[in-house]
Amino acid sequence: MPSIRWIRNVTVNGAKCTLEIMVGVQRIADRCYVRINQEPELWFTPIADSRDEIVNEAMQILFKRLQGTEVLNLDGTPFQWE
């Protein structure tokens, strides 16, 4: 099944980690979730139908889940939550 995903590889507290946002299956906003590594998906209903707004909303969910950890890009620079 095709889907529209946003994926970033980062480190969380020094361990490699994948952040994933699904913004839709057949169309934008029809099914959305966030996931960290292979954890179960956290499904949500987006408040808007645009890809950028869904990604922003999902980033806030991921930020809250990872609050208190050090999240870095693979090159060691701070991960941008915006």
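(A) Inspection of the nonpolar core at higher detail. The biggest cluster of nonpolar side chains holds 21 residues, and the ones touching the most others in it are Leu19, Ile21, Phe79 and Trp81. Put simply, the parts of the chain that give this core at least two residues each are strand E1 (4–12), strand E2 (15–24), strand E3 (28–36) and helix H1 (51–66). It is H1 that provides the largest number of residues to this core, a total of six residues. The residues contacting Phe79, other than those within four sequence positions of it, are Trp6, Arg8, Val10, Leu19, Met59, Val71, Leu72 and Asn73.

(B) Seen up close, the side chain of Thr11. With respect to the helices and strands, Thr11 occurs in strand E1. For Thr11, a relative accessible area of 15% puts it in the buried group. Excluding residues within four positions of it along the chain, Thr11 makes contact with Lys16, Cys17, Glu70, Val71, Leu72, Asn73 and Leu74.

(C) Inspection of H1 at higher detail. The end-to-end C-alpha distance of H1 is 22 Å, a good match for the 22 Å that 16 residues give at a rise of 1.5 Å each. Along H1, the residues classified as buried are Ile54, Val55, Ala58, Met59, Leu62 and Leu66. All buried residues of H1 project into a common sector of 135° when viewed along the axis, lining one side. Tucked into the core, H1 has its buried residues touching E1, E2, E3, strand E4 (42–44) and strand E5 (71–73).

(D) The arrangement of the sheet that holds E5 in detail. Strand order in the open sheet formed by five strands is E4-E3-E2-E1-E5, and the pairing between neighbours is antiparallel. Here the strands that pair on one side only, and so sit at the sheet edges, are E4 and E5. Looking at each pair of strands side by side, their axes are set apart by 35° on average, direction ignored. Taken strand by strand, H1 contacts E1, E2, E3, E4 and E5, and its axis lies near 25° from that of E3.

(E) Inspection of the environment of Pro46 at higher detail. Considering the arrangement of structural elements, one finds Pro46 in the loop between E4 and H1. Considering only alpha carbons, one finds Pro46 and Ser3, 43 residues apart in sequence, at a separation of 16 Å. Leaving out residues up to four positions away in the same chain, Pro46 has contacts with Ala29, Cys32, Ile54 and Glu57.

So, how was this worked out
- Residues numbered from 1 in each chain as written.
- Predicted model: local features only at pLDDT ≥ 70, side-chain atom pairs only at ≥ 80, totals over all residues.
- Heavy atoms only, no water.
- Core = buried A, V, L, I, M, F, W, Y, C linked by side-chain atoms within 4.5 Å.
- Buried < 20%, exposed > 50% of the residue type's maximum accessible area, 1.4 Å probe, protein only.
- Helix = DSSP H or I, 4+ residues; strand = E, 2+ residues; numbered from the N terminus.
- Contact = heavy atoms within 4.5 Å.
- Expected span 1.5 Å × (residues − 1).
- Arc of directions from axis to C-beta.
- Pairing = 2+ DSSP bridges.
- Axes fitted to C-alpha atoms, helices over the stretch in contact; angles between N-to-C directions.

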